[in-house]
2 protein chains.
Amino acid sequence: MVPEIRIIGIQGLPEVNPCDDLGGFIADAVTAQGVILDDGDVLVVAQKVVSKAEGRLVDLEDVTPSPLAVEIASLHDRDPRHTEVVLRECRRIVRMDRGVIIAETRHGFRCANAGVDASNAPGGDTVVLLPLDPDTSARRLAKRIKQTLGVEVAIIISDTFGRPWREGAVNVAIGVAGIHPMLDYRGLEDPQGRELRTTTIAVADELAAAAGLVMGKLDRVPAVLLKGCRFDRAEASISEVIRPAEHDLFR
Amino acid sequence: MVPEIRIIGIQGLPEVNPCDDLGGFIADAVTAQGVILDDGDVLVVAQKVVSKAEGRLVDLEDVTPSPLAVEIASLHDRDPRHTEVVLRECRRIVRMDRGVIIAETRHGFRCANAGVDASNAPGGDTVVLLPLDPDTSARRLAKRIKQTLGVEVAIIISDTFGRPWREGAVNVAIGVAGIHPMLDYRGLEDPQGRELRTTTIAVADELAAAAGLVMGKLDRVPAVLLKGCRFDRAEASISEVIRPAEHDLFR
């Protein structure tokens with residue numbers, strides 16, 4: 001059998017606002033699009049709509065920047081209020097240069113501006129924060145899809161992050177439900193009967209990257225369905241992907 | 001129109017040996033599989049078969065390890081001959097610990113063991129090196145596909161690399177032809193008319209990651225076809241993805 005995966009963009013969701021039933025919106029859009037969900041499908045949902053539905057929005061008019069935020073903003077030609085919000089979302093500053101703050105979020109993600117985003121936000125002065133607990137967001141969506149469409153799908157919440165060593169951002173997983181983010185080949189043998197050396201594939205990140213090809217940035221495709229993927233359906237947390245600094249040979 | 005991408009594994013290639021016509025093998029396999037290639041399709045080809053076709057194989061019986069390789073191997077419980085080959089492929093050692101050498105290759109890639117791989121190699125004592133110039137490898141394959149099937153496809157040579165900060169390896173692009181590895185959104189506006197902040201997507205890496213979902217590690221799927229992708233068809237080099245250390249805020 002030829003291995004084939006389909007990546008289908010889900011469109012036509014209404015504008016998402018706080019307290020909206022995002023899972024219901026996605027279920028309706030899937031149905032309206034005539035797509036049939038199957039057990040074992042993967043649904044990748046953009047962080048932005050998840051955060052909006054969860055009310056993770058800050059109106060910059062309500063933000064009083066701290067002296068540190070004012071100082072950083074003036075040194076780096078940034079908005080002091082946006083900078084203040086970024087600092088509040090940080091557990092640690094990784095680096096700060098040329099107007100960019102690379103931060104470690106409370107979840108442990110390392111990304112620009114602690115994931116605080118101004119583009120695609122509802123009002124001109126509103127910024128969008130990462131979900132408080134993206135695994136929980138993913139589980140909530142999985143449950144809602146099960147309720148509405150009767151199908152168990154894996155959910156990945158994704159965001160577009162830069163990375164060390166290589167230019168350009170890629171879509172990565174920041175929350176998971178119904179899928180182990182890793183696919184483990186340890187102990188398996190290659191066709192020559194030799195044990196495989198590359199051991200663990202970050203399959204949730206590969207799925208998020210694949211979805212990123214369809215999400216684009218302008219297309220209003222906030223959710224993407226992947227059919228035919230191989231993954232481990234164990235319940236797990238995205239924290240399994242975050243490598244403790246002391247184990248990181250790649251730094 | 002619903003945006004949809006298909007990822008189709010190409011199977012049934014014979015075992016690839018030095019000087020084999022890999023492009024011809026792939027064209028034959030595509031045809032045998034009944035898949036129709038279209039202009040603008042993307043073909044992701046695993047580094048391993050490219051390297052084999054290019055004779056980038058080293059029999060460890062022919063390798064005399066240097067004193068440094070012997071020293072490293074004994075400290076880190078490694079094969080001294082394999083270690084010697086890794087050192088020869090390095091431009092710089094990034095880090096060495098717990099038996100792993102993270103190296104910068106002459107191409108500028110930073111990866112474990114400078115990309116030297118022992119699994120899936122033909123003989124028990126043979127290792128596979130990265131192609132000398134993966135962009136050229138990609139261009140050669142694109143030309144051969146054009147000759148045999150009359151279609152202009154983009155080619156990505158891919159390999160599975162670990163990365164900083166996140167556990168697990170992902171498939172990434174190490175060579176390109178007929179595709180710019182970046183997709184540039186700078187200056188474009190979001191649906192609210194605000195300029196997008198995230199600017200450049202490493203589309204070749206997202207395509208490689210998507211292909212990785214079908215390649216797996218055991219399946220003998222050395223090539224993967226992607227249909228329906230959006231990318232910039234400019235000719236470019238994978239070197240555009242390699243971020244100079246002095247510009248790397250993420251380190």
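Computed from a predicted structure; not experimentally measured.

Is there a simple way to think about the overall build of chain A in this case?
The secondary structure content of chain A amounts to 6 helices and 12 strands. Its C-alpha radius of gyration of 19 Å places chain A within 12% of the 18 Å reference for a compact globule of 251 residues. Across its three principal directions, the C-alpha atoms of chain A cover 60 × 45 × 25 Å. Across the 251 residues of chain A, 49% fall into the buried class. Within chain A, residue pairs in contact and separated by at least 24 positions form 60% of the contacts whose partners lie at least 6 positions apart.

What is the right way to look at the pairing of strand 2 (residues 42-46) of chain B in this model?
Residue and element names in this part refer to chain B. Judged by how many residues are buried, strand 2 sits mostly within the fold: 5 of 5 residues are covered. Two elements, strand 2 and strand 8 (residues 154-161), share 5 bridges in a ladder whose sense is parallel. Its bridge partner lying in strand 8, Val42 is registered against Ala154.

Help me understand the nonpolar core in this model?
Generally speaking, a soluble globular protein has its nonpolar side chains buried in company with each other. Of all hydrophobic cores here, the largest spans 150 residues; its most connected members are Ile155, Ile156, Leu207 and Val224 of chain A together with Ile156, Leu207 and Val224 of chain B. Leave out the neighbours within four places in its chain, and Ile155 of chain A touches Leu43, Val45, Ala138, Leu141, Ala142, Val176, Ala177 and Gly178 of chain A.

Would you take a moment to explain the sheet that holds strand 9 (residues 170-177) of chain A for this structure?
A sheet is described by the order of its strands in space; here 10 strands give the open sequence 9(A)-8(A)-2(A)-12(A)-1(A)-1(B)-12(B)-2(B)-8(B)-9(B), paired in mixed fashion. Looking at which strands have only one partner, the edges of the open sheet turn out to be strand 9 of chain A together with strand 9 (170-177) of chain B. For this sheet, the mean angle separating the axes of adjacent strands, direction not counted, is 25°. Of the pairings in the sheet, the one linking strand 2 of chain B to strand 12 (residues 223-227) of chain B comprises 4 bridges and is antiparallel in character. Directly across from Val45 of chain B, in strand 12 of chain B, lies its bridge partner Ala223 of chain B.

In this structure, what is going on with the packing of helix 1 (residues 22-32) of chain A against helix 5 (residues 134-149) of chain A? I would like to understand it.
The geometry of a pair of packed helices is captured by two quantities: the angle between their axes and the separation between those axes. Residues and elements named next belong to chain A. Where helix 1 meets helix 5, the closest approach of the two axes is 8 Å, and the angle between their N-to-C directions is 50°. Looking at the two axes, helix 1 sits oblique to helix 5. As helix 1 packs across helix 5, the resulting crossing turns out to be right-handed. Two secondary-structure elements touch here, helix 1 through Leu22, Gly23, Gly24 and Ala27 and helix 5 through Arg140, Leu141, Arg144, Ile145, Thr148 and Leu149. Counted by class, the contact of helix 1 with helix 5 contains 5 nonpolar, 3 polar and 2 charged residues.

Can you walk me through the confidence of the model for chain A in this structure?
Detailed reading of the predicted model is not advised wherever pLDDT is low. With 90% of its residues at a pLDDT of 70 or more, chain A shows a mean pLDDT of 91. For this predicted complex, the interface confidence reaches an ipTM of 0.93, while the overall pTM sits at 0.94.

What is the right way to read the sheet that holds strand 4 (residues 90-97) of chain A from this model?
For sheets, the rule is that strands pair by backbone hydrogen bonds, running either parallel or antiparallel. Residue and element names in this part refer to chain A. Ordered in space as 4-5-6, the 3 strands form an open sheet in which the pairing is antiparallel. What marks the edges here is a single partner per strand, and that holds for strand 4 and strand 6 (110-112). Along the sheet, successive strands turn relative to each other by an average axial angle of 25°, direction set aside. Here 3 bridges tie strand 5 (residues 100-105) to strand 6, and the two strands are oriented antiparallel to one another. Counted as the bridge partner of Glu104 is Arg110 from strand 6.

Sorry, what's going on with the domain arrangement of chain A here?
Frequently, the measure chosen for interface size is the accessible area that the parts lose on association. Residue and element names in this part refer to chain A. Looking at chain A, the domain boundaries give domain 1 (6-51 + 131-241) and domain 2 (57-128). For domain 1 versus domain 2, the distance between C-alpha centres works out to 26 Å. Contacts between domain 1 and domain 2 engage 9 residues on the former and 10 residues on the latter. Contributions of two or more residues to the side of domain 1 that touches domain 2 are made by helix 2 (47-53) and strand 8 (154-161).

Procedures and definitions
Residues numbered from 1 in each chain as written. Chains lettered and ligands numbered in written order. Predicted model: local features only at pLDDT ≥ 70, side-chain atom pairs only at ≥ 80, totals over all residues. Helix = DSSP H or I, 4+ residues; strand = E, 2+ residues; numbered from the N terminus. Rg over C-alpha atoms; globule rule 2.2 N^0.38 Å. Buried ≥ 20, exposed ≤ 12 C-beta atoms within 10 Å, placed from the backbone. Contact = placed C-beta atoms within 7 Å. Pairing = 2+ DSSP bridges. Core = buried A, V, L, I, M, F, W, Y, C linked by C-beta atoms within 7 Å. Axes fitted to C-alpha atoms, helices over the stretch in contact; angles between N-to-C directions. Parallel < 35°, antiparallel > 145°, perpendicular 65-115°, else oblique. Left-handed = near helix turned anticlockwise from the far one by under 90°. Nonpolar A, V, L, I, M, F, W, Y, C, P; charged D, E, K, R; others polar. pLDDT = per-residue confidence, 0-100. Domains from an automatic or database assignment.

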